[in-house]
Amino acid sequence: MTRTEMKCLRLSADGMSDQDIGERLELTAQEVASVMSVVMLKLRAPNRMAGLAKASRMGLLQDGLGDKQNGNNNQ
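Everything numeric in this text was worked out from a predicted model, so none of it was measured.

*Asks:* Hey, could you go over helix α1 (residues 3–13) for me, with residue numbers and the actual values?
*Replies:* Working note: α-helix, 3.6 residues per turn, so residues spaced by three or four point in the same direction. Among the residues making up α1, those that are buried are Glu-5, Met-6, Cys-8, Leu-9, Leu-11 and Ser-12. Summarising the contacts, the buried residues of α1 are in contact with α2 (18–25), α3 (29–43) and α4 (48–57). One or two steps after α1, the chain reaches Gly-15, where phi turns positive at roughly 95°.

Structural data, given as structure tokens:
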């Protein structure tokens with residue numbers, strides 16, 4: 001997934017609306033909705049709630065990138 005897709009996914013999981021996510025990422029609400037549609041296709045999820053649940057199970061909502069970059073790969 002792209003960096004923007006991951007940001008939108010994580011912010012959506014935090015309960016932010018498309019409008020709020022758009023304001024944070026300098027996108028329109030429609031652009032955020034489009035990005036999230038692509039994310040749901042990539043996750044093979046029928047809707048956003050199912051996609052967020054699947055992303056959580058896959059560990060995509062954790063911000064573990066810093067640990068991997070610092071060599072702490074304790075997963």
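*Asks:* How would you summarise the side chain of Ser-12 if you had to cite specific residues and measurements?
*Replies:* Locating Ser-12 in the fold gives a position in helix α1. Setting aside residues up to four positions removed in sequence, Ser-12 forms contacts with Ile-21, Met-36, Arg-48 and Leu-52.

*Asks:* Which residues make up the nonpolar core, and what values go with them?
*Replies:* Core analysis: the biggest nonpolar cluster contains 16 residues, and Leu-9, Met-40 and Leu-43 have the highest contact counts within it. The set of elements that each furnish at least two residues to this core consists of α1, α3 and α4. Per element, the largest residue contribution to this core is six residues, and it comes from α3. When sequence neighbours within four positions are dropped, the list of residues in contact with Leu-9 reads Met-1, Met-36, Val-39, Met-40, Leu-52, Ala-55, Leu-60 and Leu-61.

*Asks:* How would you summarise α3 if you had to cite specific residues and measurements?
*Replies:* The end-to-end C-alpha distance of α3 is 21 Å, a good match for the 21 Å that 15 residues give at a rise of 1.5 Å each. Residues of α3 that are buried include every one of Val-32, Val-35, Met-36, Val-39, Met-40 and Leu-43, and no others. The arc that holds every buried residue of α3, seen down its axis, measures 145°, which confines them to one face. Turned more than 90 degrees away from the buried face of α3 sit Gln-30 and Leu-41, all of them exposed. Tucked into the core, α3 has its buried residues touching α1, α2 and α4. Where α3 terminates, the next one or two residues include Arg-44, which has phi positive at roughly 55°.

Scoring rules and cut-offs
- Residues numbered from 1 in each chain as written.
- Predicted model: local features only at pLDDT ≥ 70, side-chain atom pairs only at ≥ 80, totals over all residues.
- Heavy atoms only, no water.
- Buried < 20%, exposed > 50% of the residue type's maximum accessible area, 1.4 Å probe, protein only.
- Helix = DSSP H or I, 4+ residues; strand = E, 2+ residues; numbered from the N terminus.
- Contact = heavy atoms within 4.5 Å.
- Core = buried A, V, L, I, M, F, W, Y, C linked by side-chain atoms within 4.5 Å.
- Expected span 1.5 Å × (residues − 1).
- Arc of directions from axis to C-beta.

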